[in-house]
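# Notes for the structure review
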Amino acid sequence: MSVPFLDLKTQYKIIQAEITSALQNVLDSTSFAGGPFVEKFEKEFASFCQTKFAIGMGSGTDALWAALMVSGIGNGDEVITTPNTFIATSEAITFCGAKPVFVDIDEQTFNMNPDLLKGVISPKTKAIVPVHLFGQPADMDPIIKIAQEHNLFVIEDACQAHGAKYKGRPAGSIGHAGCFSFYPGKNLGAYGEAGAVVTNNAELAEKIKRFRDHGQTKKYYHSMIGWNARMDGFQGAVLSVKLKYLTAWNEARRKNAKLYNELLAGVNKVQTPIEADFAKHVYHIYAIRTKNREALLSVLAEKNISCGIHYPIPLHLQEAYRFLGCGPGSFPMAEKCAAEFLSLPMFPELTNEQITHVVNAIIAFGRL
Ligand SMILES: *Cc1c(COP(=O)(O)O)cnc(C)c1O
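Now for a quick tour of the structure.

Reading guide: rules and limits
Residues numbered from 1 in each chain as written. Predicted model: local features only at pLDDT ≥ 70, side-chain atom pairs only at ≥ 80, totals over all residues. Heavy atoms only, no water. Salt bridge = Lys/Arg side-chain N within 4 Å of Asp/Glu carboxyl O. Near = heavy atom within 4 Å. Polar contact = N/O pair within 3.5 Å; in protein donor to acceptor, adjacent residues only side chain to side chain. Helix = DSSP H or I, 4+ residues; strand = E, 2+ residues; numbered from the N terminus. Nonpolar A, V, L, I, M, F, W, Y, C, P; charged D, E, K, R; others polar. Buried < 20%, exposed > 50% of the residue type's maximum accessible area, 1.4 Å probe, protein only. Pairing = 2+ DSSP bridges. Axes fitted to C-alpha atoms, helices over the stretch in contact; angles between N-to-C directions. Contact = heavy atoms within 4.5 Å. Expected span 1.5 Å × (residues − 1). Bend = angle between axes of the 7 residues up to and from the residue.

This brings us to the pattern of salt bridges. Summed over the entire model, instances satisfying the criterion amount to 18 salt bridges. Counted as one network, the salt bridges with shared partners bring together Glu107, Arg289, Lys291, Lys336 and Glu340.

This is the structure in structure tokens:
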């Protein structure tokens, strides 16, 4: 038996007829850039996130960058985030001209540790970007409280957390804005590149809409310098079809995570993920922790089980961010987790047999 890390084809086969007809509708109407299919999806996604507005974007990176730009983040500003995330989070900060300031993570959730936040706030701090890593929301209440005390923007990186909940509230709906990626492998994945910003703030929403369309108020009248960060029509149509299934797909991921947790419970030295009391986790990634990762990875690979590492090098230790001057030891928890994380196969259509096969391979390996 082989177990892929991700299986987009099985899911596509299930919805193939609907997708084909949705794409045909876009072709027939030639609404390729923005247009009615994107607008329809924006309404549906805002409703899904329980926000007033959703703005379709070209990618999750665009969404983060636009949300920060229109919040007025710029040269000389500092924006706080965590070092164990995908580099897009900090690239968006850097491309505003601001400096990413990292704060270490909580060992249970792998998300921003709110107790450490106060220690990194400076007069230059303008915003906090909590990342809902792996599909579990960060502990937002203390983050929002500190942000309010210091008059900071909170932009949620919800790129891995479509449908996740924090104390019953949808991820992305809690800060000033929430940013989503619809990269194909995400819980809600387009068939190409796409992203979105959600917000309850009408002014932010209007500015983001303008920003994604070259700062246009009407065609060829530009009130600000923006960018081309629009969602394309095909992606809007595909996402409308797939959004209807997202809740069921997330439940399937949760069921798969539960089975992994149960089967791995007695297994020595494997740490399974913890769902915080405040969270509804949607398991974009199911990451265990092990001290003998490299050996385990190669044994799993021999048995045709594909795994991942999210992420092997925390951002402050990446070559691209060497200029920040944060050496090894700067963020001990993020570094420890980065050395131990191993992402097991996780997608809604994963079968119980496949999960059992993965766990049996881990148990047989033994040398954990
Ligand atoms: C995927 C991802 C992004 C970037 O999204 P793209 O659509 O690939 O640009 C940003 N942040 C996190 C945490 C992500 O997982």
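Structure shown, so let's carry the discussion forward.
Our focus in this paragraph is the site of the ligand. Near the ligand there are 15 residues, and of these Gly60, Thr61, Gln160, Ser181 and Lys186 occur at the shortest range. A distance of 2.9 Å separates a nitrogen atom of the ligand from a polar side-chain atom of aspartate 157. Between serine 181 and the ligand, the recorded distance is 2.6 Å, taken from a side-chain N or O atom to an oxygen atom. Considering each element in turn, the shell around the ligand owes the most residues, three residues, to helix H3 (residues 60-70). Residue classes in the shell around the ligand are distributed as six nonpolar, seven polar and two charged.

Right, let's get into the pairing of strand E13 (residues 286-289). The side-chain alternation of E13 yields two buried faces, one formed by Tyr286 and Ile288 and the other by Ala287 and Arg289. Two elements, E13 and strand E14 (residues 341-344), share four bridges in a ladder whose sense is antiparallel. Its bridge partner lying in E14, tyrosine 286 is registered against leucine 344.

Taking strand neighbours across the sheet as the criterion, the seven strands line up as E1-E9-E8-E5-E4-E2-E3 in an open arrangement whose pairing is mixed. Where the open sheet ends on each side, the last strands, each with one partner, are strand E1 (53-57) and strand E3 (99-102). Across this sheet, the average inter-strand angle for adjacent strands is 25°, counted without regard to direction. Inspection of the sheet shows strand E2 (residues 78-81) paired to E3 by four bridges, in the parallel sense. Each residue of the ladder has a partner; that of valine 79, found in E3, is proline 100. The sheet strands contacting helix H2 (residues 36-49) are E1, strand E8 (177-181) and strand E9 (195-199), and the helix crosses E1 at an angle near 125°. Lying over the sheet, helix H6 (residues 202-211) contacts E1, E8 and E9, oriented at roughly 15° with respect to E1.

A few words on helix H7 (residues 233-264). Its 32 residues give H7 an end-to-end C-alpha distance of 43 Å, which sits within 8% of 46 Å, the value for a rise of 1.5 Å per residue. Along H7, the helix axis deviates most sharply at tyrosine 245, where the bend reaches about 45°. The N-terminus of H7 is capped by aspartate 232, whose side-chain oxygen sits 2.9 Å from the backbone nitrogen of phenylalanine 234.

What follows deals with the side chain of histidine 316. Within the secondary structure, histidine 316 is located in the loop between helix H8 (293-302) and helix H9 (332-340). Exposure remark for histidine 316: the relative accessible area of 2% places this residue in the buried category. Side chain to side chain, histidine 316 and glutamate 335 meet in a polar contact 2.8 Å long. Aside from chain neighbours lying at most four places away, what touches histidine 316 is Pro83, Phe102, Tyr321, Cys326, Gly327, Ser330, Phe331 and Glu335.

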